[in-house]
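Given next are the chains, with one letter for each unit.
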Amino acid sequence: MLPKFASVIPRTKDEALSWLSSLENPKIIAGGTDLMVKMRAGKHCSHVIDVAGIPELMGVTEEDAKISIGAAMTHARLSAEGTIVRNARSLALACGLIGSPQIRNMGTIGGNLANASPAADSIPPLLIHDAILTLESQGLRRKVALEEAIVAPYVTSIDRKELLSSVEINPLRGYREGYRRVAKRATWAISRLGVAFAIKEDGNRFIDVRLAIGSCTPMPFRPGKVENLLAGSEKNDAVIAEAIRVALEEIKFISGIRPSYAYKLPVLKGILEEVLRG
Amino acid sequence: MKTINLILNGKETSIEVEDNETLLTTLRERLGITSVKEGCGIGECGTCTVLVDDEPHYSCLTLASKANGRDIKTVEYLSSSGVLHPLQEAFIKSGAVQCGYCTPGMLLSAYSLLLRNADPDAHDIKEAISGNLCRCTGYIQIEEAIKNAAEICKCNTQNEG
Amino acid sequence: MFIGQDITRVDALDKVLGTAAFAHDLKKNNMLFASVVRSSRPHAVIRKIDVSAALAIEGVVKILSHEDIPGENLFGAIKKDQPFLAEGRVRYKGEAILVVVAATEETAHKASDLVRIDYEDLEYVSDPFLSIQSPVLIHDGGNLLSHRKVIKGDAAKGFESSDVIVENTYSTTWIDHAYMETEAGIGYADEKGRIVVASSTQNIHYKMKEISRLLAIPTEHVRVVQATTGGGFGGKLDVTVEGYLALAVWHTKRPVFMRYTREESLLAQTKRHPLYIVYKTGARKDGSLTAVEVNIVGDTGPYNSYGETVCLRAAVHATGPYEVPNVLVNSRMFYTNNPISGAMRGFGVPQLALAHESQLDEIAERIGMDPLDIRMKNALKRGSLTATSQVLNHSAGLLETLKAVEPFWRERHKRGPGSGFGLGCMYYGIGNTGISNPSSCYLTLTPEGRVEMHSGVCDIGQGSDTVLLQILCDALGMEEMGIDLVRGDTDTSYDTGSTSASRQTYISGMAVCDAAQKLKKYLKHQGYYDGKSLKDIYRNAAASAIPVFEGHFDPPTTAPDPETSQGAPYATYAFATHMTQVDVDEVTGVCKIVKVHAAHDVGRAINVSSVRGQIYGGVAMGIGFALMEEFIPGKSESFDNYYLPTSMDMPDVEVMIIEDREPTGPFGAKGVGEPALIPQAAAIVNAIKDATGVSMRQLPCDMERLKVALEKSKEKGR
């Protein structure tokens with residue numbers, strides 16, 4: 001049983017922004033896979049604004065060496081979208097792992113971001129692609145880097161009168177890229193650890209290493225010290241070992257030692273070893 | 001209240017729904033289509049699966065208003081011509097039906113698969129039903145049924161062509 | 001010949017059409033909706049209940065408490081110790097206190113939320129080990145529900161003559177049945193004013209009796225019907241919605257519908273017993289077992305439910321399917337204020353299998369014997385004495401199941417690090433333990449010239465309706481299945497007992513055979529086998545009276561000795577061997593099940609497809625039990641974190657059906673429902689040990705626990 005609310009279904013982005021501005025206590029719904037569960041548990045709002053069908057929020061376009069992803073793109077579509085598969089492979093893989101086929105048909109990247117779960121699978125790939133969010137409200141448009149937009153677990157700096165309309169990412173070509181995650185069953189499970197990686201190497205030298213770790217710290221993060229250490233480094237056991245040591249230190253610095261780390265840190269160590277070795 | 005216009009199991013349908021109503025409730029309570037089940041209410045079991053524009057969705061997480069302008073199919077569609085669909089025949093023959101509660105949702109996920117992929121391999125089949133839980137069968141006979149039905153459907157289209 | 005064929009299930013068509021009427025789908029004009037108000041405390045005295053805000057809501061018709069119960073408030077499958085509605089005291093979080101009846105489901109839930117209850121918290125018991133010393137008495141008789149022993153030979157002497165002794169502690173936790181259809185039903189009064197309840201259930205006559213006690217009305221005034229039931233696994237044996245519906249109908253005089261939410265089912269319904277098992281095994285260096293000593297402590301929650309049954313069955317099966325000359329088992333069930341533990345597929349034997357199979361592998365390792373060989377050496381067979389000194393006279397096919405798996409076992413070969421193979425064997429007594437548990441049915445003829453079978457058996461998806469038809473057809477020597485099945489209704493059937501203990505094919509099947517013999521004799525006399533049609537036979541009979549042919553069967557068992565449990569608690573046993581191959585990812589701790597070979601002695605496979613279906617389903621449940629399922633009170637609230645295996649968690653499963661015919665069973669059949677599950681988790685754990693060297697003795701052996709154990713063992717190795 002859901003609480004009482006009214007719904008509006010704008011046909012254009014402008015209509016959506018107008019509703020957002022005028023309504024007292026609106027919630028934006030796209031796929032509904034997070035919001036419906038919350039509402040069943042008692043979350044209240046006066047209105048939902050259904051943006052899932054707005055054409056301007058769909059589509060994946062390439063422009064000025066950037067890729068723009070409409071916030072209402074579903075995980076299913078993104079996992080199969082040629083531009084994403086070719087230029088942001090970790091994102092395509094991550095989207096293909098979220099939930100179940102039904103969840104992937106319904107859920108959107110915008111929803112995944114706005115929910116900002118520490119375990120959100122789309123976030124680490126977006127981080128290594130320097131994702132920038134476009135947030136719109138009536139008369140105003142601003143861009144904010146994804147890592148700044150997530151301020152706490154499940155909390156973003158998106159104003160409740162703002163609509164996330166698109167996400168811009170930098171394509172990465174010539175990288176060995178992927179997404180690894182562990183979960184308690186083969187599919188349809190919350191990630192207990194997620195690692196997005198994109199590595200450019202030349203013979204036995206790392207040129208550019210991008211990493212993002214999810215489900216480990218309160219927010220998914222890029223271990224900047226590790227990336228700096230590896231950039232230009234020789235690719236050998238000692239360097240890899242040191243990089244991993246620094247990664248684990250960064251995590252402990254952010255979160256302290258959590259009970260789950262008895263599991264997560266050794267696993268992360270093993271995954272990073274495999275990922276960096278290639 | 002809103003009036004939604006949709007194609008339901010091949011027929012144009014108009015119905016009034018509450019703003020906060022789920023498609024599951026609309027189908028079961030207003031339209032009497034009880035083949036669509038509720039198993040958990042939070043999109044974690046699959047018994048509420050329906051096809052929206054031929055793609056499987058969880059109707060318990062779908063606002064009824066989202067069905068406006070869409071094509072919605074429940075398991076009744078599969079036999080709407082008066083004859084069992086090869087998937088339904090195959091489920092019966094392969095022992096894929098035990099308690100039957102997951103069956104309508106499974107059939108729809110399988111039907112959607114065969115629309116997309118006429119020649120699915122074992123992995124394709126497993127993945128297609130990976131969002132439908134079954135506590136009785138262990139999935140194996142369901143997967144056998146889908147494979148068998150795919151063969152038959154292929155033969156059927158070949159014969160028609 | 002219908003037996004041994006893959007006869008299409010009689011209920012499958014409705015289910016693929018989506019027209020099967022499950023309890024959730026039932027409706028009646030003018031019906032009301034009921035909802036239960038439940039305790040938010042584990043142990044408390046109810047000081048005050050204020051329903052004024054709830055009653056004020058428009059559409060609320062009645063709010064019922066224990067004071068509104070005309071008859072007995074206490075129910076229970078074995079002991080009547082559980083209140084339908086709490087009387088002054090609650091003993092677990094989720095205990096039912098009130099029933100709210102309203103015009104809509106939403107109103108009923110809204111009103112339930114507005115009921116104000118003042119509790120005075122009592123100290124609560126959450127540790128079964130401390131339960132017996134606790135001054136907090138959950139029931140007047142003390143906190144020990146049951147203590148059963150198995151004593152055979154002299155265990156102490158047996159250990160003295162052992163060359164190797166292995167002792168370990170094993171533990172399992174609460175598991176939810178997680179049937180896809182939650183508890184639900186509808187109640188109404190018929191034209192004669194009788195109370196009728198149709199529900200999702202595993203039994204009908206038992207529920208009829210409980211409703212009759214609840215309302216203090218004769219059983220003739222109650223009718224219970226089994227709706228198409230979306231899974232049971234033991235969770236729908238106890239009274240669930242039936243009592244509340246009957247009470248609501250009694251007071252409102254209108255039809256009443258109720259269904260549990262998944263959250264409610266997880267919170268309030270019974271679970272598999274957590275068992276703590278201290279297991280000591282002695283053997284000689286040639287691999288023969290000399291002694292087994294087992295201490296079992298179980299957490300049964302605050303009410304009996306099936307706690308006594310699990311206590312005894314776990315004790316009786318503790319040795320596993322092996323001939324052990326000296327046995328000492330102490331099995332104790334303690335009350336706590338934790339969730340109620342009750343009947344769940346296997347009744348304690350899956351938990352014990354984890355222990356006895358791990359023990360055997362460890363003994364084998366110590367003496368350098370192959371795990372298959374040690375099982376073959378000790379396997380129960382014809383002429384063997386079980387742990388209760390029952391001689392297995394017939395149908396003991398464990399060796400055949402081991403031999404079926406043997407070629408795969410001998411040629412197994414590890415694919416690399418993390419690859420491993422494990423064996424799990426089991427035996428399981430068919431039917432209730434050492435007590436009478438009969439089944440009855442009757443047959444008659446119809447004017448259309450068909451045989452009409454009246455069956456009270458609750459088919460919960462395992463396929464009993466179809467199996468009984470197959471048995472009847474062959475028993476009558478019919479060439480076509482000219483049988484009408486009238487089923488699942490106390491008005492039209494005799495008591496068959498519950499669908500549990502894997503007993504329906506064996507016991508109700510034999511009752512059907514018994515009735516069939518009588519009908520066959522009659523038909524012979526009437527000339528049916530000489531070509532006379534049933535239609536004509538009916539017409540002849542209609543002149544005087546249409547005869548009814550009753551069938552009855554009660555498996556011959558003896559009550560276990562109260563001190564030693566010696567005796568013949570079951571008339572027959574099913575046997576099985578599972579061989580499971582795993583790939584453990586040593587980086588992540590994820591255990592992938594690669595392949596399972598499952599060999600089952602079922603006596604006779606009446607419907608081969610259904611036997612396979614049970615085994616596949618049992619393997620899936622075993623994978624869940626071993627690797628991912630754990631009900632954590634307060635945390636496991638729905639399926640978002642209580643994980644069941646999906647299609648992608650399942651391996652290839654090869655089923656080998658062994659038929660060591662049971663002479664006392666219908667055409668040789670025994671049972672397979674619970675055996676299908678019992679050995680799988682044990683085989684997985686043994687495979688993990690083979691793959692990684694790590695012994696996991698606590699279930700679930702999920703990826704996190706396994707990884708932590710792998711890390712610990714690496715450290716030790718340094």
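Just so you know, these numbers come straight off a predicted model, no measurement behind them.

## Side note on the overall build of chain C
Here is step 1: On a plain count of helices and strands, chain C comes out with 18 helices and 25 strands.
Here is step 2: The globule rule puts the C-alpha radius of gyration for 718 residues at 27 Å, and the 26 Å found for chain C is close to it.
Here is step 3: Projected onto its principal axes, the C-alpha coordinates of chain C cover approximately 75 × 75 × 45 Å.
Here is step 4: Buried positions account for 61% of the 718 residues belonging to chain C.
Here is step 5: Intrachain contacts of chain C at a sequence separation of at least 6 include 81% that bridge at least 24 residues.

## Structural notes on the interface of chain B and chain C
Here is step 1: Contacts between the two partners involve 41 residues from chain B, matched on the other side by 45 residues from chain C.
Here is step 2: Examining the composition of the side of chain B that touches chain C, we find that four residues originate from one element, helix α2 (residues 86–93) of chain B, more than from any other.
Here is step 3: Grouping the constituent residues of the side of chain B that touches chain C by class yields 17 nonpolar, 15 polar and nine charged.

## Quick word on the domain arrangement of chain C
All names here are of chain C.
Here is step 1: Examined at the domain level, chain C breaks down into domain 1 (23–122 + 183–259), domain 2 (275–433 + 563–717) and domain 3 (438–553).
Here is step 2: Between the C-alpha centres of domain 1 and domain 2 there is a distance of 37 Å.
Here is step 3: If you look at the interface, domain 1 gives 15 residues, while domain 2 gives 16 residues.
Here is step 4: Here the residues of the side of domain 1 that touches domain 2 are counted per class, giving six nonpolar, five polar and four charged.

## A word on the nonpolar core
Here is step 1: Ranked by size, the top nonpolar core spans 375 residues in total, and within it C:Ala34, C:Val99, C:Val100, C:Leu245, C:Ile684 and C:Ile688 carry the most contacts.
Here is step 2: Among all residues touching C:Ala34, those that are not within four sequence positions of it are C:Val99, C:Val100, C:Val101, C:Ala108, C:Tyr244, C:Leu245, C:Ala248, C:Val256 and C:Met258.

## A few points about the sheet that holds strand β6 (residues 89–90) of chain C
Residues and elements named next belong to chain C.
Here is step 1: If you walk across this open sheet you meet the three strands as β6-β2-β8, and the pairing is antiparallel. Whereas interior strands pair on both sides, the edge strands pair on one side only; in this sheet they are β6 and β8 (116–121).
Here is step 2: Of the pairings in the sheet, the one linking strand β2 (residues 44–50) to β6 comprises two bridges and is antiparallel in character. Residue Ala44 lies in a different strand from β6, and its bridge partner there is Val90.

## Overview of the interface of chain B and chain A
Here is step 1: Listed per partner, the contact involves 21 residues of chain B and 22 residues of chain A.
Here is step 2: Of all elements in the fold, only β4 (55–58) and α4 (122–128) of chain B reach the threshold of two or more residues within the side of chain B that touches chain A.
Here is step 3: Examining the composition of the side of chain B that touches chain A, we find that four residues originate from one element, β4(B), more than from any other.
Here is step 4: Residues that form the side of chain B that touches chain A fall into these classes: six nonpolar, eleven polar and four charged.

## Points about the sheet that holds strand β9 (residues 144–152) of chain C
Residue and element names in this part refer to chain C.
Here is step 1: The strand order across the open sheet built from five strands is β9-β17-β16-β15-β10, with neighbouring strands paired in mixed fashion. Pairing within the sheet leaves two strands with one partner each, and these edge strands are β9 and β10 (164–171). Direction aside, neighbouring strands of the sheet carry axes that sit 5° apart on average.
Here is step 2: Bridging between β10 and strand β15 (residues 275–283) involves eight bridges; their strand directions are antiparallel.

## Considering unusual backbone geometry
Here is step 1: The amide bond that connects C:Leu699 to the next residue, C:Pro700, takes the cis arrangement and shows omega of -5°.
Here is step 2: As for its position among the elements, C:Pro700 is in the loop between α17 (680–692) and α18 (703–717).
Here is step 3: Notably, A:Ala65 is not glycine yet its phi reads approximately 60°, a positive angle.
Here is step 4: Here A:Ala65 is to be found in the loop between β4 (60–63) and β5 (66–70).
Here is step 5: The backbone phi angle of A:Trp188 is positive, close to 60°, even though this residue is not glycine.
Here is step 6: Residue classification places A:Trp188 among the buried positions, given that 27 C-beta atoms sit within 10 Å.

## With respect to the domain arrangement of chain A
Here is step 1: For chain A, the assigned domains read domain 1 (6–50), domain 2 (55–169) and domain 3 (177–277).
Here is step 2: The centre of domain 1 of chain A, based on its C-alpha atoms, is set 37 Å off from the matching centre of domain 3 of chain A.

The rules behind each value
Residues numbered from 1 in each chain as written. Chains lettered and ligands numbered in written order. Predicted model: local features only at pLDDT ≥ 70, side-chain atom pairs only at ≥ 80, totals over all residues. Helix = DSSP H or I, 4+ residues; strand = E, 2+ residues; numbered from the N terminus. Rg over C-alpha atoms; globule rule 2.2 N^0.38 Å. Buried ≥ 20, exposed ≤ 12 C-beta atoms within 10 Å, placed from the backbone. Contact = placed C-beta atoms within 7 Å. Nonpolar A, V, L, I, M, F, W, Y, C, P; charged D, E, K, R; others polar. Domains from an automatic or database assignment. Core = buried A, V, L, I, M, F, W, Y, C linked by C-beta atoms within 7 Å. Pairing = 2+ DSSP bridges. Axes fitted to C-alpha atoms, helices over the stretch in contact; angles between N-to-C directions.

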